[in-house]
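Chain residues, written in single-letter form:
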Amino acid sequence: MTVRQHTATELVYCIFDLQRALRCATAASARPADLGVALEGVLRFIADGGGQSRASDIAARLGVGPSALSRQVAELEEHAMIKREPDPADGRAHLLSISDSGRSYLAEIQHRRASTVQQMLAGWSEEDAAHTACTVQQLTATLRAAVVPSPRAHKTGTTQDHQSQTLAGVN
């Protein structure tokens, strides 16, 4: 069975509305020294990469071009949140890894945001929250698997599909 056009349209609007609501809700726990959602998204992707990740792989996963990622990487490096080293296999490329201060920053911001959302979900059951998290994870995995970075993204630092950036948390 396939999803109807109307349902897919409604889902897109619901996702965008959820994203805006979450940003507004978690803004209550924001501090002036916070990096902002775009840089935090890049930092999270670098952290999720395990050890070291190539900048080009992070850019492709985020759906942004190398020049857009380069600016964000430079800012994260300036804040000592990441380490950038030349890739021994390719002298033109860089390997990115999260620093100890970057790891601490992510843990602290995750705790603050989770506490804020936890308070807001006071009327929810644990089962409802866990089921919702599972559904959102499944939807995210499905969308990520279906997104193919456009060749234009690698040339200009943009994507033809703004939704891939939005879903990745980079807009």
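Residues numbered from 1 in each chain as written. Predicted model: local features only at pLDDT ≥ 70, side-chain atom pairs only at ≥ 80, totals over all residues. Heavy atoms only, no water.

Draft legend 1. Representation of the overall build of the protein chain in the model. Per the secondary structure count, the protein chain includes eight helices and three strands. For the protein chain, the N- to C-terminal ordering of α and β elements is α-α-β-α-α-β-β-α-α-α-α. With 171 residues in all, the protein chain has 30% of them scored as buried. (Helix = DSSP H or I, 4+ residues; strand = E, 2+ residues; numbered from the N terminus. Buried < 20%, exposed > 50% of the residue type's maximum accessible area, 1.4 Å probe, protein only.)

Draft legend 2. Structural detail: the layout of surface pockets. The volume enclosed by the largest pocket comes to roughly 1900 Å³. Around the largest pocket sit 42 residues that line it, and Leu 18, Leu 22, Val 117, Val 136 and Thr 140 are the ones nearest its centre. For the lining of the largest pocket, the elements supplying multiple residues, two or more each, are helix H1 (5-27), helix H2 (37-48), helix H5 (100-120), helix H6 (126-146) and helix H8 (162-168). Its residues assigned to classes, the lining of the largest pocket comprises 23 nonpolar, 11 polar and eight charged. (1 Å grid on protein atoms, 1.4 Å probe; cavity = no way out; pocket = protein on both sides within 12 Å on 5 of 7 lines; lining within 4 Å. Points joined across faces, edges and corners; volume = space filled by probe spheres on them. Nonpolar A, V, L, I, M, F, W, Y, C, P; charged D, E, K, R; others polar.)

Draft legend 3. Geometry of the side chain of Ser 97. By the element assignment, Ser 97 lies in strand S3 (residues 90-98). For Ser 97, a relative accessible area of 10% puts it in the buried group. Apart from the residues within four sequence positions on either side, Ser 97 is in contact with Ile 46, Gly 51, Gln 52, Ile 82 and Lys 83. (Contact = heavy atoms within 4.5 Å.)

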